[in-house]
Every structure is written in C-alpha cells, then in structure tokens.
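# Residue-level structure breakdown
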Amino acid sequence: MTPGGPSLQLNNFVGQSEAAAVIMPEPKPFERLPAVVRPTHYNITLQPNLVKCVFQGSEEITLDIKEPTREIKFNTLELSLRDIKVRLGEGESVKPSSTDISTTTETATLSFDRPLPAGTATLSLSFSGELNDKMKGMYRSKYTSVDGEERYSAVTQFEATDARRCFPCWDEPALKATFDITLVVPHDRIPLSNMPEESRVPHESDSNLQVVKFSRSPLMSTYLVAVVVGEYDHVEDTSSDGIKVRVYTPVGKQEQGKFALEVATKVLPYYKEYFKIAYPLPKMDLIAIADFSVGAMENWGLVTYRETCLLVDPHNTSASQRQWIALVVGHELAHQWFGNLVTMEWWTHLWLNEGYATFVEFLCVDHLFPEYDIWTQFVTNTYVRALELDCLKNSHPIEVPVGHPSEVDEIFDDISYSKGASVIRMLHCYLGDKDFRAGMNKYLTRHQYGNTYTEDLWSALSEASKKPVAEVMSTWTKQTGFPMITVASHQDGDNRVLTLTQQRFLADGSAGDSSQWMVPISISTQEDPSKVAQELLLESRTMQVVLENVSESTWVKLNPGTVGYYRTQYPPEMLTQLIPAIQDKCLPPLDRLGVFNDLFSMVQAGHTSTVEVLKILRAFEDEEDFTVWSAVHNCVARLNQLLSHTDFHSTFAAFVRQLFSRIGQRLGWEAKPGEKHLDTLLRSLVLGQLGLYGDKGVVGEARKRLSAHVAHTTTLPADLRSPVYKTVVAQADEKTYEQMLKLYREADLHEEKDRISRSLGATRDPNLIQRVLQFAMSSEVRNQDTVFVIISVAMTAPGRSAAWAFFKKHYQELVDRYEGGYLVTRLIKYITENFTSEDMAREVEAFFKDRQIPGTERTVQQSLETIRLNAAWLNRDQQTIKKYLADLHL
Ligand code: BES
Ligand code: ZN
C-alpha cells in the first residue's frame, strides 16, 4: 500500500536467531466502549471556517439505553465540547453533573446524578476544533486558486479511529448508525458528503453562507463518514446500472478525471454482477485531494484519493501509473460492498476488508484491462511481498488482537493486504470461481448493514462449496508464517512418487515450530506445463503422491500458477530438470518466476548458496516477459543492497549490466507504434536498471534526452521519465541538480512532482544528499510526500547512512508532524532495514529502545530482525559470490 504504486522491496535471511527473538512491548491499556448505551442515529451539522482553519459543529445523537445507567461514555479527541445534555424520550432534558475527558483513552464520560432510564434518549452537544495539518480527522488541504491565491479546503480522513477528532461519537466499526449530515459553507465552495444533497437554504444570519443538507445515510460505521468542502471541477456519467458517478478534480483539470470516471462507471456494474447485489447508494463520488496521508479511502459514496491515485493527464501520466489508478479505483469500489455494506466487527478482522479488496481489485482490472496481465503482476507485487515479510519471526497472524488506536494503525501492513489477498486467491482457486461467488453472495446478503467475524465468511463459503473452508483457512489466518514444502522424488516403474513434507519456513533457515497448515497443492508436469496434473490437500506433516505415467527424465513442478501460499524446496535433480524449461520458456511466466523466487528465498534462508541464484539469473538473458523481469529485478535489488558496501560491488554492477543488456537492446528507447502495455512497462524497468548500474550507452542517451526535454525540443515520454531522471541524477553535479529542481517547480501535475522528487535521492554526492534531505522537509514538499523523498535517499549506498543520521536528528519533528501513523512507520522500515551489520542492528535497537514511537513497535522489531539476517547472509556468502563474479571476467 505504498501510495504511488507498489515500489520498494523487503529484506531478510540466517543465524543469530536469539538476537532476533520477538520482544514486543506490552500492549497499551485499552477498553472498548461499554455496551449499555448505543447510538442509532446521528444528526450532525458542521461548519468549517476555511480562512481561520477552525470548525464548529453541533449534533444530536439518538441513543438506545439498554439498562438504567448513570454514565455515558463515547469517543472524542482534540475537540472542545459545550452545551451537553440528554433528552429522555420526548420529555425532560438533563445535564451531566460532570464531564470527564481523557486524552489517553480518547473518550468523554458523562456522569449523571440519577440513573437515566432504559429506552430512547437524545444526546445533544456542540463542539469545535481545528482544521489540522496532520491529515487526520477533519483537516485542511492547501491549494492555489485560479487567481494565484493560497487557499484551504476542509477534508476528512477517519479510518481507523479519527472520526472522534471531527465529531463526538461511538467510534467503533460495529456501532453502526444512520447519519443526517448538514454542512454550513460559503456560497462559492462545493460541499460534499456520503449522500446526495437534499436541500440548500441561505444561512439565517450570515448572507455569505448557505446550509446544505444531505440525505439520510444507510446504517454505517463512523470510520466511513466523510465530508469535503472546497473548490473543485468535475466530470460525470451514469453507470449502466443507473448510479450517478462523478470525479472531482482541482479547478480546471476536469479532463484528468476522465480515465477514473470510465473505470468507475464500468466497475460498479461489474461488481453488481459479481456480487449479485446492487450498489446501495444513489451516487458515487471520487475526489482528488491535494494532501492525503494514504493512497485512497473508501468512504461510502465519497471516495477520497491522493491526486496521483486518481488523475490521468494523457501526455504526462505513465502506463504504470494508469495501471495503478485502475487498481486503486477497483480496490476502493470493492470496499463499497466488502467493508462498507458488510463491515468487520473489530479491527482484528481488518484483513477481511483489505485482503479481500486487494484480491478483488485484480479481478476487476483483469476484467477491464486484460492486456495488463494483472494476475501475473499480482505474484511479483503482492504475493511475493507477503511471503518476504511473513518469513520473519516478527511477522504476525492475519487475525491479530488489537486494541489501542496505534496498534490498529500498525496492522495496515503487507500481512493484512498482501497475505490476506494471497490466501484468498489460494482459496478462490481451491473452491473454483462458481462456488466462491455463490459463497460471497451468501455472505454479503446475510450480513448486509451488519458486522462480521472472519468465521462468518468461512461459513458462507463452506455452505456454498461443501468444502471444509474454516478448517483449511484458519490454519492460514490464525497462525503466523507459512510452510516450506520439501519434495523428495523416486521412480516406481512408469510412475513418479513424490514425498511432500511441510515445515514452517523461517528466514533464518531454522527449523521453525510445530505449526502445520492445510495446504491445497497442485502439481504440473512436462507433458502439459500449463495444466494441473494432480491436486491434493496436504493435511498432515508428510504425504506421498503418485503421478502415473511420468517418466524419470521429465520435469515435475509444484504450485503451477504460483497460487499456493508456500515455498517449494526441490532436490537438486528436480531443480536441474526445471532450468531448461525456464530457458526455453516451456514453463509459463508465473511458473518461471515461481521457481526462481522460491530458490531465491532458499538462498536468503541459507539452504542454498547465492551463487546458485547468480547462475540461474543468467538463464534469463533471453527472457521477454515483463513480470518475470520484475521478479529478476526484485532479486537484483536485494543483492545490490546487500553487496553495496563490499569491495566487489563494481563487479556485481557489471554482472547486472550484462544481464539486462540483451533485452535493453531489443527494446531500445523508442516505443513501437501500438506496442503492448507490458512492453512499455518493461522498457522503463530495463533502461532504469541499465542506467542505475552505469551502462555507458544508457547513461549517455539519458543525459541527451533529458537535455532535449529541458530545452523543450523533444519532450520525454512519461514512461521514460523516472528511469531517465534517476540515471542522470545518479551522476549529477550541482548544475544538473538545480535543473531537476527547476523541473520540479515548474511541474503542475502531482505525478510529475513525485517522479522528480523521488529521483533526487539517486544522487551519490554527499553535499547533494544533504540538500535532498533538507528539500524533503522544506515547504516545497507536502507532508504527504516528505517521507518518500527521504526513502529515495536511503535506497543508495551513501544515502543509507545519511538518511539514518538525518532521521535520528529530526525524528521528533517527524513524529510530531504526522502524530505517529502510517507514514512514519513506512519511513522507519525503509531507512533501517537495508543495513547489513550487527553494529548497525545494535545502533538502531538502542535508538528505538529509548524512544518508543507508538504504532512503530512491530516495524522496528522486523527491521532489526532483517538487518541481522542481512549481516548473516553477507558473512555466509560474500566470499563465494566474489569468487564467482571474478571468475566471469566481466
Ligand atoms: N482503507 C484503506 C485506506 C487506509 C489505509 C486507511 C491505511 C487507514 C490506514 C484503503 O482502502 C486502502 O487500502 N488504500 C490503499 C490503496 C489500495 C489500492 C491498496 C492505500 O491507501 O495505500
Ligand atoms: Zn482498502
């Protein structure tokens, strides 16, 4: 969930397992709200002041009091409350005798002199707060108006626990209520909320204002409520199933909303057909927000996006960004059913939302853009990322107990998203599409407007499929990690007999614990590489499989399509048989990259030497598939981080240049007329690699093309800009750097600004590195983007220590800026995990021991574990790698 597209890679690897043991801090004290009083309806009026950047509001909350009580407790944070009273039924109003506000528990407790009777009551109060800069609750987002004035819009971001910063409420996903929202706004501003506008009247005392009331919402969770007030243009259309869809853009940029509009209007009927349930609201708005902490948020009927995750400028948007936008739109619209209509009971089941939406975004993009071959890309982005995190001892189960808001924030990670989506994909394959869909429909119908536990999904799917879904799936969602399936093979006449054994796979190569999984396994053979020859469910530690009429001389492969969430360890003879099938491409792309990626993980865990991977890499020189190349690239990037400080790094660079040179030549710099989307992606990947590793031809050409671009003689196509910028910046002097800054300042499209600012970190020059870090913190870079610029610095060898030193110096400022949260967690992960020595592990450990930053605890433990794995990997293999590379005489 890196905004702007999946990009950065993880680490891991052996030894020192004691040092990497799981030491999580004590969970913070946390209690859910008492069940005696529950809200059923909110009537909220909000009036943001866009000049003073404050807001005031009032609300009436209809309560269901289950038994007499002297206390009412609800969530509120950073709001001042006034005029609190409770009206009992239709009758008298009582005031609380005291109001106790706690910032630790983020609650207010009202105490009453005498018990409030059971039944219906109405809590009314007024409140006010600040439109903050933290991108949480109701906050302000800056833009420049058409006449050049700096202005603010008011925007909300509530998930997971920040609705309480905007209006006092029972801020838990299971406490669904209906909402009447009214916005008091200036005449020249656009007010938006989840539901369509119902009425608009002049304000009774201020002629500059109008009072806009929205229709009543269905029963929904507080984290999905949204409002936006600002200046926007829009494009609109009606989907074939009659939903009014609008895409709101910055003023004057409505053209840039057209792509998303087209995607959204097609996606809504697609989901309606897929789930067999209509989208329940009358309208669907998508809006681009200039300051936004995550990539996008699925507020019911009013989905908010980072500009880069929604806007397409035909001349300046790259093919990969367009693809990413389609995925994001598909993801957020999937939540309208899965998440909004049916919601998890508590954040422990967050993965139901995020894992499922991540799976479905691929279904829908595959339907709309078959040419993207998106399911293949799923494996290199989503599936592999999950496995790489999940092989750490400091991973966590998909279903994880969480309480305090900072713990909730931390689980929006690759386990909830990527492992969640990967196990659902495995389940989808195990059940078949027909039963899977029937089960989904049962689940959504049965629980609409309600809340669910993970088990509810399993029940519906097993009813539909008659398969033991809960038994199989709970082994995947309740246990941390995944199995390695070790294969042994012998011949019995015409038959091949495989013995499969499962054991938890750990990055340090240790034997793991006693965990066992129920593993749906499929097997393919040389006879028909793209067909599943045999299927079975591995239910015990070990099992034998007989493959009839499979001769000794042909290959056999587990996990065709790379669907099963496990690693396969082959004996050398079986692996040797598979290599020619990679080289001559008899194996389908997903299988080529599956074999390779499994082998690479064995290397990281010390089961095999890195040299084996280097040897196989050379089998890919004639590869043509984008996704296979991106798997190769992921592996090369990991090795590059590992070897960056060794005395033979230049030989490694030469090795990579050679690896990519043939495909580089084949693709060239110019797009062929009407070429495939995936070739476009491949070209920027390959040229980027050649440039990064210093291929002279590519570096020279990149410089030339950038000069022509800057001089406005020949514009660089959007797809080539990132690789060109990075290549040039990597060798840049002060003058080139200034030129890049000028391009940044002139860029109007946010995607272009991102591309430039995230290339700046490629510089190797110590002075420029410092300038990039300063720039990242300057007012020229929005808070939402700062961390990505710092991360770009941390990705090079000299930048890594500079970024870390910078973080240590500025961490307080950074933590205050974001109040913890997702962006700081990302930053810590990427600037620490690539270190490769025990000394650095100790330093990072000591730093965070003294400074516990809420919501980053697990991430820090994961980084420490990864650093120690890197150190052991390097110790183990560096001499043999050095010798292998030297013997190639590159
Ligand atoms: N519900 C999330 C947004 C979110 C993320 C809220 C983290 C709070 C914390 C949304 O559906 C989402 O997953 N957004 C992703 C993009 C998606 C395409 C993977 C994001 O923001 O990165
Ligand atoms: Zn999501």
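In this text the structure is predicted, and so the values were computed from the model without any measurement.

### So, the sheet that holds strand β12 (residues 190-193)
Taken together, 4 strands build an open sheet; the order of strands is β9-β10-β15-β12 and the sheet is antiparallel. Since the sheet does not close on itself, it has two edges, and those belong to β9 (137-144) and β12, each with one partner. Here the strands of the sheet are splayed against their neighbours by 15 degrees on average, with no regard to which way each runs. Looking at chain direction, strand β10 (residues 150-157) and strand β15 (residues 227-230) are connected through 2 bridges and run antiparallel. Directly across from Ala154, in β15, lies its bridge partner Val229.

### What to know about the UniProt feature "binding site: Zn(2+)" (unreviewed entry) in the protein chain
Annotation from UniProt places "binding site: Zn(2+)" (unreviewed entry) at His331, His335 and Glu354. Sequence-wise these annotated residues cover 24 residues; spatially they are packed, their C-alpha atoms never more than 8.7 Å apart. As for its placement among the helices and strands, His331 is situated in helix α2 (residues 319-335). Those residues in contact with His331 that lie beyond four places of it in its chain are Glu354, Ala357, Thr358, Glu361 and Tyr417. With respect to the secondary-structure elements, His335 resides in helix α2. If we ignore the near neighbours within four places in the chain, the residues touching His335 are Glu298, Asn340, Asn353, Glu354 and Ala357. Within the local environment of His335, its side chain forms a polar contact with the side chain of His331, the two groups lying 3.1 Å apart.

### Quick notes on the side chain of Thr343
Among the structural elements, Thr343 can be located in strand β21 (residues 343-344). Using a relative accessible area of 1% as the deciding quantity, one classes Thr343 as buried. Polar contacts involving the side chain of Thr343 include one to the main-chain carbonyl oxygen of Asn340, which spans 3.5 Å. For Thr343, the contacting residues outside a window of four places in its chain are Pro173, Lys176, Ser221, Tyr223, Gly450, Asn451 and Thr452.

### Some remarks on the pairing of β10
Here β10 lies mainly inside the structure; 7 of its 8 residues are buried. In this structure, β9 lies alongside β10, joined through 8 bridges in antiparallel fashion. When the bridges of β10 are listed, Gly137 appears paired with Gln157. Linking two consecutive strands that pair antiparallel, namely β9 and β10, is a turn of 5 residues; a positive phi of about 85 degrees is found at Gly148 within it.

### Describing the coordination of the zinc ion (ligand 2)
Coordination of the zinc ion (ligand 2) by the protein comes from His331 (NE2), His335 (NE2) and Glu354 (OE), over a distance range of 1.9 to 2.1 Å. Mapping the donors of the zinc ion (ligand 2) onto the primary sequence yields the spacing H-x3-H-x18-E. Residue His335 is located in helix α2, and its partner Glu354 is located in helix α3 (residues 350-368); the two are separated by 19 residues in the primary sequence.

### With respect to the pattern of salt bridges
In the structure shown here, the tally under the stated rule is 64 salt bridges. Between Lys276 and Glu273 there is a salt bridge, and its shortest N-O distance comes to 2.9 Å. Between Arg842 and Glu838 there is a salt bridge whose closest N-O contact spans 3.4 Å. Separated by 4 residues within a single helix, Arg842 and Glu838 lie in helix α24 (residues 838-850), roughly one turn from each other. Residue Arg842 is classed as exposed on the basis of its relative accessible area, which comes to 52%. Judged by relative accessible area, which is 16%, Glu838 ranks as buried.

### Focus on the domain arrangement of the protein chain
Entries for the protein chain in the domain assignment read domain 1 (1-31 + 782-878), domain 2 (37-333) and domain 3 (338-392 + 405-477). The gap between the C-alpha centroids of domain 1 and domain 2 is 33 Å. The interface of domain 1 with domain 2 comprises 16 residues on the first partner and 17 residues on the second. Where domain 1 abuts domain 2, roughly 1300 Å² becomes buried across the two surfaces, and 46% of that area is made up of carbon and sulfur atoms.

### A word on helix α20 (residues 766-777)
Over its 12 residues, α20 runs 17 Å from end to end, which matches the ideal 16 Å to within 8%, given 1.5 Å per residue. Those residues of α20 that sit buried are Leu768, Ile769, Val772, Leu773, Phe775, Ala776 and Met777. Put simply, Asp765 is the residue that caps the front of α20, since its side-chain oxygen is 2.8 Å from the backbone nitrogen of Asn767.

### Quick look at the site of ligand 1
By nearness alone, 15 residues border ligand 1, and Glu159, Gly295, Glu298, Glu332 and Tyr417 come closest of all. A distance of 2.6 Å separates a nitrogen atom of ligand 1 from a polar atom in the side chain of Glu298. Within the side chain of Tyr417, an N or O atom sits 2.6 Å from an oxygen atom of ligand 1. Protein coverage of the free-state accessible area of ligand 1, which is 510 Å², stands at 96%. Mapped by element, the contributors of at least two residues to the shell around ligand 1 are β19 (296-297) and α2. Take the shell around ligand 1: its biggest share by element is 4 residues, from α2. Here the shell around ligand 1 is built from residues that sort into 7 nonpolar, 4 polar and 4 charged.

### Looking at unusual backbone geometry
Note that the residue after Glu159, namely Ala160, is joined by a cis bond; omega there is 0 degrees. Residues other than glycine seldom take positive phi values, yet Asp83 does so here, at roughly 50 degrees. The phi angle at Glu106 is positive, at roughly 55 degrees, despite the residue not being glycine. Looking at the secondary structure, you find Glu106 in the loop between β6 (98-102) and β7 (107-116).

### Focus on the packing of helix α8 (residues 454-465) against helix α9 (residues 469-477)
One way to put it is that α8 packs onto α9 with a least axis distance of 9 Å and a crossing angle of 140 degrees. In terms of axis orientation, α8 runs oblique to α9. The two elements α8 and α9 cross, and the hand of that crossing is right-handed. Of α9, the residues touching α8 (which contributes Trp458, Leu461, Ser462 and Ser465) are Val469, Ala470, Met473, Ser474 and Thr477. Broken down by class, the residue content of the contact of α8 with α9 amounts to 5 nonpolar, 4 polar and no charged.

### Quick look at the environment of Leu33
Tracing the backbone through its elements, the reader meets Leu33 in the segment before β1 (37-49). Sequence separation between Leu33 and Gly339 is 306 residues; the distance between their C-alpha atoms is 21 Å.

### A word on helix α21 (residues 783-794)
Every α-helix winds through 3.6 residues per turn, so residues three or four apart in the chain are directed the same way. Where burial is concerned, most of α21 is hidden: 11 out of the 12 residues are buried. The elements touched by buried residues of α21 are β20 (302-306), α19 (750-757), α20, α22 (797-818) and α23 (822-832).

### What to know about the packing of aromatic side chains
For the structure shown, the criterion picks out 46 aromatic pairs. Aromatic ring contacts, followed pair by pair, group Phe338, Tyr356, Phe359, Phe362, Trp375, Phe378, Phe436 and Tyr443 into a single cluster. A cation over a ring is seen here: Arg322 above Phe259, with NZ or CZ 5.1 Å from the ring centre. Above the plane of the ring of Tyr430 lies Lys467, whose end atom (NZ or CZ) is 4.9 Å from the centre.

### Digging into the packing of α20 against α21
Remark: α20 packs on α21, axes separated minimally by 8 Å, with the N-to-C direction vectors making an angle of 165 degrees. The angle between the axes of α20 and α21 places the two elements in the roughly antiparallel class. Where α20 crosses over α21, the handedness of that crossing is left-handed. Contact residues: Ile769, Val772, Leu773, Ala776 and Met777 in α20; Thr786, Val789, Ile790 and Val793 in α21. A per-class count over the contact of α20 with α21 returns 8 nonpolar, 1 polar and no charged.

### Thoughts on the environment of Ser239
Tracing the sequence through the fold places Ser239 in the loop between β16 (233-238) and β17 (244-249). In this structure Ser239 comes out as buried when scored by relative accessible area, which is 4%. Sequence-distant contacts of Ser239, defined by excluding residues within four places in its chain, comprise Thr265 and Pro269. Engagement of the side chain of Ser239 in a polar contact is seen with the side chain of Asp241, the distance being 2.4 Å.

### Thoughts on the state of the cysteines
All chains considered together, the criterion is met by 0 disulfides. Cys364 supplies the cysteine sulfur nearest to Cys309, a cysteine that is in no disulfide, at a spacing of 15 Å. When its relative accessible area of 0% is taken as the criterion, Cys309 is described as buried.

Definitions and limits used
- Residues numbered from 1 in each chain as written.
- Chains lettered and ligands numbered in written order.
- Predicted model: local features only at pLDDT ≥ 70, side-chain atom pairs only at ≥ 80, totals over all residues.
- Heavy atoms only, no water.
- Pairing = 2+ DSSP bridges.
- Helix = DSSP H or I, 4+ residues; strand = E, 2+ residues; numbered from the N terminus.
- Axes fitted to C-alpha atoms, helices over the stretch in contact; angles between N-to-C directions.
- UniProt positions renumbered as here; feature names shortened; annotations may be inferred.
- Contact = heavy atoms within 4.5 Å.
- Polar contact = N/O pair within 3.5 Å; in protein donor to acceptor, adjacent residues only side chain to side chain.
- Buried < 20%, exposed > 50% of the residue type's maximum accessible area, 1.4 Å probe, protein only.
- Donors = N, O, S within 2.8 Å, 3.2 Å for Na, K, Ca; no water.
- Salt bridge = Lys/Arg side-chain N within 4 Å of Asp/Glu carboxyl O.
- Domains from an automatic or database assignment.
- Buried area = accessible area lost by both parts, 1.4 Å probe.
- Expected span 1.5 Å × (residues − 1).
- Near = heavy atom within 4 Å.
- Areas by Shrake-Rupley, 256 points an atom, 1.4 Å probe, with all protein chains shown as cover.
- Nonpolar A, V, L, I, M, F, W, Y, C, P; charged D, E, K, R; others polar.
- Parallel < 35°, antiparallel > 145°, perpendicular 65-115°, else oblique.
- Left-handed = near helix turned anticlockwise from the far one by under 90°.
- Phe/Tyr/Trp six-rings, centres within 6.5 Å; stacked < 30°, edge-to-face > 60°.
- Lys NZ or Arg CZ within 6 Å of the ring centre and 35° of its normal.
- Disulfide = S-S within 2.5 Å.

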